[in-house]
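A look at the structure
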Amino acid sequence: MQTRTLGNTGLATSAVGFGGIPIIRLGRDEAAALLRHAVERGITFFDTANRYMDSEEKMGQAFAGIRDKVVIATKTGMRGAKEALEELELSLTRLKTDYIDLYQPHQVSNPEEFATLMGPGGAMDALVKAREQGKIRHIGITSHSLEMARKLVATGLFATIQFPYNIVETEAAAELFPEALARDMGILVMKPFAGGMLDDGDLALRFLRRHPDLLVLAGCDTAEQVDQAVDVFSGDSVWTEADAAKAEGYRQELGSRFCRRCEYCQPCPQGVRITYAMMYRVVAKRMSPAKAVNFAGATMETVRECVDCGECATRCPYNLPIPEMLREYLALYDSHRQEAQ
Ligand code: SF4
Ligand code: SF4
């Protein structure tokens, strides 16, 4: 297994880390067994978040007795000092530990959040104190906005930056990553599979392995996925012209306007199944239109309930014009229904 040293933190970890969202779907014992399997296969970095439902608790259960063998990163969505400290205490309890290796304000996306986080009474002051007390070893940051991520890196206050990067989302490579490296920061890559849109996991990971400075967080809910991630980051790996062509095919298929299935836009007050409906175009491309109509019909019918309130779009970290896209996909679905009749 390749290793990485996270910027100037001195933290040495496996080059591929475990992303903690998918274990939400597993039972407690099943999740613990999977996390233990990841440790046995050489993964030493585990990333979770306060808002990932019971993910922290499952990690706490899995790492009982082996805390010193893993590096744990978690996150707070709170921007105020008091609330961030409450979430930190909750994370410590759930993870059954007295320190967090890397604590990250989660998904900072706009100037208002930035100002609250950094200002008087903001979370940053409190996290620095918690670091002095030993409850946090290092403070990192996460964002989905390139502009905001660059601004956060420029503060020089964070040990790591976590940002989406994959075959179809490569914007960070030009400026964000060099700026972070110039500050000796660690770079954590989220969304290596573009929220599940890249169905060739081996290709997606081999694409990322070519960048020796990245710690790639692969979300896994099966032992096979863990093994695939470990295998890609162990031994030799090549990137062929055929791989490059397949990667280009994904770029052509998905473009820049696609849903990463993060679910931050949910719930819709009208009951629209936004995330699944946002997949319709790709589903229809990968299946035949007739099959897509059958497969996604119940979901697409909920889109008719959309009243265009725009609430969902304000929560999308990728600034997707969700209502407009839903209308587009509903029209496509309706045309497929007519074809299928
Ligand atoms: S715009 Fe439509 S889908 Fe989005 S929250 Fe409003 S009703 Fe729901
Ligand atoms: S529409 Fe945006 S917020 Fe909703 S799941 Fe997709 S990427 Fe996430």
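Above: the structure in question.
Residues numbered from 1 in each chain as written. Chains lettered and ligands numbered in written order. Predicted model: local features only at pLDDT ≥ 70, side-chain atom pairs only at ≥ 80, totals over all residues. Heavy atoms only, no water.

Some words on the site of ligand 1
Let me state the cut-off plainly: The near set for a molecule or strand comprises every residue that places at least one heavy atom within 4 Å of it. In this count, Pro and Cys sit with the nonpolar residues alongside Ala, Val, Leu, Ile, Met, Phe, Trp and Tyr, while Asp, Glu, Lys and Arg are called charged and the others, Gly among them, polar.
Inspection of the region around ligand 1 gives 13 residues, with Cys-268, Cys-306, Cys-309, Gly-310 and Cys-312 positioned closest. Across the shell around ligand 1, the residue classes tally to ten nonpolar, two polar and one charged.

A short note on the packing of helix H1 (residues 28-40) against helix H2 (residues 55-62)
Just so we agree on the cut-off: For helices, the axis comes from a line fit to the C-alpha atoms of the stretch in contact; other axes are also lines fit to C-alpha atoms, and the angle between any two N-to-C directions lies between 0 and 180 degrees. Per the convention used, a helix needs a DSSP run of H or I reaching at least four residues, while a strand needs a run of E reaching at least two, with both numbered from the N terminus. Note on angle classes: values under 35 degrees are labelled roughly parallel, values over 145 roughly antiparallel, values of 65 to 115 roughly perpendicular, and the remainder oblique. Two helices crossing with the near one rotated counterclockwise from the far one by less than a right angle form a left-handed crossing, whereas a clockwise rotation gives a right-handed crossing. Here, two residues are considered to be in contact whenever any of their heavy atoms come within 4.5 Å of each other.
The N-to-C vectors of H1 and H2 enclose an angle of 60 degrees; their axes lie 9 Å apart at closest approach. Here H1 lies oblique to H2, going by the angle between them. Here the hand of the crossing between H1 and H2 comes out right-handed. On the side of H1, the interface is formed by Arg-28, Asp-29, Ala-31, Ala-32, Leu-35 and Arg-36, while H2 contributes Glu-57, Lys-58, Met-59, Gln-61 and Ala-62. Across the contact of H1 with H2, the residue classes tally to five nonpolar, one polar and five charged.

A closer look at the nonpolar core
Threshold: We call a set of buried residues a nonpolar core when its members are Ala, Val, Leu, Ile, Met, Phe, Trp, Tyr or Cys and they connect through side-chain atoms within 4.5 Å of each other. Per-residue accessibility, obtained with a 1.4 Å probe over protein chains only, is compared with the maximum for each type, and a residue is labelled buried under 20%, exposed over 50%, and partly exposed between these values.
Counting 101 residues, the largest nonpolar core has Phe-18, Phe-46, Phe-63, Ile-161, Met-278, Tyr-280 and Ile-322 as the members making the most contacts within it. In this view, Ile-322 contacts Cys-265, Ile-274, Met-278, Cys-312, Ala-313 and Cys-316; residues no more than four positions away in its chain are not counted. The next biggest cluster of nonpolar side chains, apart from the first, holds nine residues, and it includes Leu-102, Leu-188, Leu-215 and Leu-217.

Remarks on the pairing of strand E7 (residues 136-142)
So the rule is basically this: Note on pairing: DSSP must find at least two bridges between two strands before they are called paired.
Where burial is concerned, most of E7 is hidden: six out of the seven residues are buried. In this structure, strand E6 (residues 100-105) lies alongside E7, joined through three bridges in parallel fashion. Counterpart to Leu-102 in the pairing with E7 is His-138. In the sheet, E7 pairs with strand E8 (residues 160-164) via three bridges, with the strands oriented parallel. Residue Ile-141 lies in a different strand from E8, and its bridge partner there is Ile-161.

Focus on helix H3 (residues 81-94)
We apply this condition: To estimate the expected span of a helix, subtract one from its residue number and multiply by 1.5 Å. As used here, the arc is the angular range of directions from the helix axis to the C-beta atoms.
The first and last C-alpha atoms of H3 sit 20 Å apart over 14 residues, in line with the 20 Å expected at 1.5 Å per residue. Taken as a whole, H3 has its buried residues at Ala-81, Ala-84, Glu-87, Leu-88, Ser-91, Leu-92 and Arg-94. Buried residues of H3 fall within an arc of 165 degrees about the axis and therefore sit on the same side. In H3, the exposed positions angled more than 90 degrees off the buried face are occupied by Lys-82 and Thr-93. Those residues of H3 that are buried are in contact with H2, strand E5 (71-76), E6, helix H5 (123-132) and E7. Immediately downstream of H3, the backbone of Lys-96 shows phi near 55 degrees, a positive value.

Thoughts on the pattern of salt bridges
Note the cut-off: Should a side-chain nitrogen of Lys or Arg be within 4 Å of a carboxyl oxygen of Asp or Glu, the pair is scored as a salt bridge.
According to the stated counting rule, one finds 25 salt bridges in the structure shown. Arg-304 is paired through a salt bridge with Asp-334; the nearest N and O atoms lie 2.7 Å apart. Placement of the pair is Arg-304 in the loop between helix H13 (289-302) and helix H14 (311-314) and Asp-334 in helix H15 (residues 322-340), with a sequence separation of 30 residues. Assessed through its relative accessible area of 36%, Arg-304 is described here as partly exposed. The network of salt bridges with common partners includes Glu-301, Arg-304, Asp-334 and Arg-337.

Description of the pairing of E8
Most of E8 sits out of view: five of its five residues are buried. Of the two faces of E8, both are covered, the one formed by Thr-160, Gln-162 and Pro-164 as well as the one formed by Ile-161 and Phe-163. Alignment of E8 against strand E9 (residues 186-190), held across five bridges, turns out to be parallel. When the bridges of E9 are listed, Gln-162 appears paired with Leu-188.

Points about helix H4 (residues 111-118)
Condition: Pairing of N or O atoms within 3.5 Å defines a polar contact, subject to two protein rules: one partner must be a possible hydrogen donor and the other a possible acceptor, and residues neighboring in sequence count only if both atoms are side-chain atoms.
Residues Glu-113, Phe-114 and Leu-117 constitute the buried set of H4. In a view along the axis of H4, the buried residues occupy a sector of 100 degrees, so they form one face of it. The secondary structure elements touched by the buried residues of H4 are E6, H5, E7 and helix H6 (146-154). With a side-chain oxygen positioned 3.1 Å from the backbone nitrogen of Glu-112, the residue opening H4 is Asn-110.

So, the side chain of Gln-162
The residue Gln-162 is located in strand E8 in this model. On the basis of relative accessibility, which here comes to 2%, the residue Gln-162 falls in the buried class. Here the side chain of Gln-162 touches Asp-47 through a polar contact of 3.5 Å, side chain to side chain. Engagement of the side chain of Gln-162 in a polar contact is seen with the side chain of Gln-104, the distance being 2.9 Å. Apart from the residues within four sequence positions on either side, Gln-162 is in contact with Asp-47, Lys-75, Gln-104, Ile-141, Thr-142, Ser-143, Leu-188, Met-190 and Leu-217.

Description of the site of ligand 2
Near ligand 2 you find 14 residues, and of these Cys-259, Cys-262, Glu-263, Cys-265 and Cys-316 are the closest. Taken together, the residues of the shell around ligand 2 break down into ten nonpolar, one polar and three charged.

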